[in-house]
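What follows is each chain in one-letter form.
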Amino acid sequence: MTASLVSPVLVGRDAELAALTAALERALAGDQAVVLVGGEAGVGKSRLVQEIAGPARAAGARVLTGSCIELGGGGIPLAPLVEVLRTLAGELEPDRLEPILGPARGELARLLPELDPGPMASGPGDGADAARVLELIVGVVARLAAERPLVLVFEDLQWADRSTLDLTALLVGGVSIPGVLFVCTVRSDELHRAHPFRRLAGRWEQQRSAERLELDRLGAEEVAALIGAIVDEHPDGELVDVVFERSEGIPLFVEELLGAARDGGVEQDYLPPSLRDVLLARADLLSPGAQHVLRVASAAGRWAPDELLAAVAGLPDSELYAGLREAVEHQLLIIDPTGRGYAFRHALARAAIHEDLLPGERARLHKAYAEALEARAELAGPGLGAAPMLAHHWLAAHDLPRALPASVRAGQAAAEASAPAEAQRHFELALELWTEVPDAEERAGIDHPDLLDVAAQAAYQAGAGDRALALVDEALAEVGDTGAAERRALLLERRAAVLRDLSREDEGIADLREAVALLPAEPPTRASARVLAALARSMLRADDLQQCWIFAERAVEAARAVGAVIDELDAEISLGFAMVHAGRIGEGLALTDGRRDAMRRFATPLIALRADIITSDLLVHLTRWDDAVGVAEQGMALAEETGLARTLGAFLRGNKVEALVRSGRWHEALALAAPAAEAGGVFAGSLLLLRAELHALCGRPAEAAADLRAARRHLGDTTASQYALPLAGVEAELARGAGDLEAARDIFERALLEIGSGDIERYAWPAVWMAMRIEAERGLAARDARRPTPEDAEQRADALRAHADAMPTRTPWDHGHLALVAAEQARLQRIGELPAWAGAVDACRAMRDAHVLAYALLRHAETLSSAGDRRAAAARLRESLDLAERMGAAPLVEEARSLGRRARLDVDPAPEREAATVTTEEEDDELARLGLTAREREVLLLVADGRSNGQIADELVISRKTASVHVSNILAKLGVATRVEAAALAHRRGLARRVPGA
């Protein structure tokens, strides 16, 4: 039997959890709070309530839970109360339980005999006695709440008996008990029209005596997050698609289906037995007529148009509608929003009922549906038309000659309707049927290589890159080297597009060069225009913008000659990108932005979205963050509408995330970069890379390392600078943060050597700056250890500076990073630091990257403090700290606070700390190597904590003059000029960590 998997975290219920937490806080403050949690079975009501139990117990509250039980069509009398009493009796000793039960003990023993072993009646008494029992129960609840706050939970009130409902009504609307949070859960989908709970809940809502939380199903991104939490890694996009489609966002179904996936059974119509039994049990409660209607509807699919259902059911109208009404009232079927048909409330319920049909019964029903649709196609209703239904029904009826052409038509209809995943399924089915149908090509109206090609295109657009590559390779093999040159060239163009998104750019470019060679240069053709435009795109991705420009111009010329408008627009987008990066910014941006509207009018969504991707990317390059966010959002909306959210939509999300990160909106960026249903390869890899960078900057190395590993799996061995350099940057930052400067240096050296001098400076500049920063920190570490600055650090710095001076500086991004490179070199050489960091701050303001500006302000404050300008240093540090705290850049915040303490700058001072004069053995060894006496060690720790000579004297009970002498000796022994430098050395060497809060 398949086991379910349970998520370790609650996903997608932030607002509901906040409301429940607020209700708990009211109860803890002495009020009464009542919350009704509703939602269909499996949507997560119990999990939500469980989530509040831990905080409630931590706050000192008692949590008691009881559930109603369905038994033979009626609930067990006061079942949740019995469970609560049993828990209470198990938790409390008899002498503590006695005063809580009080006069209710005898009556409650009727429900739970172990409360009083004496002879008792077998159940609650008559009407008058029952009312008295309820009052006695309320008294028990009040006494429990008087002892400590109480969280009382009644689950599954849809199965409650009359007595439980009366008790619930009394607790909710009849009495007010301070210090109680009363939580009820109910399955909304099992409350028929006349259910007594409906009337109670309606009254409570009118009186505002209870807060109602209705849990909806999870969306696709939330399901992806749930799967990621369960499997503890970024989930595969195809798995997310399958599980979301089949679970429809119900968390219980997600967990069950993942359990099936672990056993290899989530594909197609597999239904875990545990779910099948639950779903069939609901249908077994219906009358025979309603069950017949459900069986007929299950063969229709997820949705059954009313006239089509009537045509196949073969029932008189009165019997048909009686059965439909019953199924709707029991919420197995719902009325379609169009009012023209019926749908199963849960797709898995349809699957369970359909699977329960006899084989011959299934085949007969599907044949009846197919024949009805062929006779009257309008019975299919609105949507993609009859083709998808015919493909499904003829296949299920085992009529393969009719299923093949219907599958091809269904795939074509889905492709035209921008439903690539649906199109892929239909085309793949047609490929499976091909060898089973003797006259397949004649029936399908397409030959096998073309069917492979359209299937590959659909798979590519749906994000199934590996499958798309396999399909197009098969098509190329069938066409062969001696086939029509144009046909082979276009297949190679398709293959190159797939390889590009699998991070295999070099192979893709080789395919496109072969395709260009296959086609005559003159006269130009539509095929040559398309291939040249694709080659320009690939050169752009490979950072060879000179070649991109050349091929884009050739593509524009060829496209104009043959009237290929879409290929012309596509090539102009690439040309505009190359122009911007060559310094013709206004002209290039006008070309790309100006073609976006035309793309939406003339091009396919795939090409139109490329215009949004390129334009938003260029706006990020130009540090126009808000404009980039706006363009990316427009593209994301189009991607969602056209079924491309998992692929090109992921690129647009990445561009928006990057703009949010650079502008300092890190909380928004992190939420947007959370794993969703994006496809694998560069689509998932680019988002994971951005999230890894953000985690590293926030000081979360474990999370950053996990995302970095996942990003590398998706990006493979790519050498494209937009991925390779940021990958190296995150890896180096993690090494630097761990104190391994040599490893960080090696990482950047390898990355810059492998990439060389590419055309995309946007990714090279941060790498060059960080490499120079590491050399500066290596020099500082050497000085701290009283060693000369490493010669290789000076040499490497000179080489990096020469590299930076040779790089173009066309944008604020370029100028800002060049200034940072110069300032880091000044920091290493200790020459001209103050003007260098002042210039870096100005350049970073123009660049408008919030984190980089905060860092530059910190370094400038440090140099100002060393120069004795404490007022200016405090102002700079205050601004840096404000930026870092708003972003959540924890390492930068700590470094800024450390500078404030050791330089005694008046900037958000930390609470007073007690000095620690005890050092570890490791610290003793380090301090001894520096030549400090025991008393000097104590003084250095206090200097590192920002203490003045007077404060040091008071702390150590010595004179101020003696304290001053100790400080002077320390400066001489450490080889530094100021107290600030001494404190900085102590912090860098980890010698100040014994000072509380330091």
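Residues numbered from 1 in each chain as written. Predicted model: local features only at pLDDT ≥ 70, side-chain atom pairs only at ≥ 80, totals over all residues. Heavy atoms only, no water.

What about the pairing of strand S5 (residues 150-155)?
- The buried fraction of S5 is high, at six of six residues.
- Of the two faces of S5, the one holding Leu150, Leu152 and Phe154 and the one holding Val151, Val153 and Glu155 are both buried throughout.
- Bridge count for strand S2 (residues 62-67) against S5 is six bridges, and the pairing is parallel. By the bridge assignment for S5, Arg62 is matched with Leu150.
- Bridge count for S5 against strand S6 (residues 180-187) is five bridges, and the pairing is parallel. Note on S6: the bridge partner recorded for Val151 is Leu181.
- Viewed along the sheet, the connection from S5 through helix H7 (residues 162-174) into S6 turns out right-handed. (Buried < 20%, exposed > 50% of the residue type's maximum accessible area, 1.4 Å probe, protein only. Helix = DSSP H or I, 4+ residues; strand = E, 2+ residues; numbered from the N terminus. Pairing = 2+ DSSP bridges. Right-handed = clockwise from strand over helix to strand, strands pointing away.)

A closer look at unusual backbone geometry
- The linkage connecting Glu522 with the following residue, Pro523, adopts the cis geometry, with an omega of -10°.
- Along the polypeptide, Pro523 turns up in the loop between helix H25 (505-518) and helix H26 (526-541).
- A positive phi angle, close to 60°, is found at Asp156, a residue other than glycine.
- Of note, Asp156 is situated in the loop between S5 and H7.
- Of the residues examined, Asp156 reaches a relative accessible area of 15% and is grouped as buried.

Quick notes on the side chain of Lys656
- Within the secondary structure, Lys656 is located in helix H32 (residues 648-662).
- Take Lys656: its relative accessible area is 14%, and that puts it in the buried class.
- Among the polar contacts listed, one links the side chain of Lys656 to the side chain of Glu633, at a separation of 2.8 Å.
- Every residue in contact with Lys656, bar those within four places of it in the chain, is listed here: Val629, Ala632, Glu633, Met636 and Leu672. (Polar contact = N/O pair within 3.5 Å; in protein donor to acceptor, adjacent residues only side chain to side chain. Contact = heavy atoms within 4.5 Å.)

Comments concerning the sheet that holds S5
- Strand order in the open sheet formed by five strands is S2-S5-S6-S1-S7, and the pairing between neighbours is parallel. Of all the strands in the sheet, just S2 and strand S7 (211-214) have a single pairing partner and so form its edges. Within this sheet the neighbouring strands show an average axis-to-axis angle of 15°, counted without direction.
- When strand S1 (residues 32-39) meets S6, the two strands line up parallel, connected through eight bridges. Of the residues in S6, the one forming a bridge with Gln32 is Val180.
- Of the strands in this sheet, S2 and S5 touch helix H3 (residues 79-91), which is tilted by about 140° from S2. (Axes fitted to C-alpha atoms, helices over the stretch in contact; angles between N-to-C directions.)

Some thoughts on the pattern of salt bridges
- What the rule picks out here adds up to 63 salt bridges.
- Ionic pairing is found between Glu98 and Arg105, a salt bridge with its closest N-O pair at 2.7 Å.
- Judged by relative accessible area, which is 17%, Arg105 ranks as buried.
- Among the ionic pairs, Glu731 bridges to Arg712, the shortest N-O distance being 2.8 Å. Remark: Arg712 occurs in helix H35 (residues 701-715) and Glu731 occurs in helix H36 (residues 721-737); sequence separation between them is 19 residues.
- Accessibility expressed as a relative area gives 35% for Arg712, which makes it partly exposed.
- One salt-bridge network, held together by shared partners, links Glu742, Arg745, Glu749, Glu775, Arg778 and Asp792. (Salt bridge = Lys/Arg side-chain N within 4 Å of Asp/Glu carboxyl O.)

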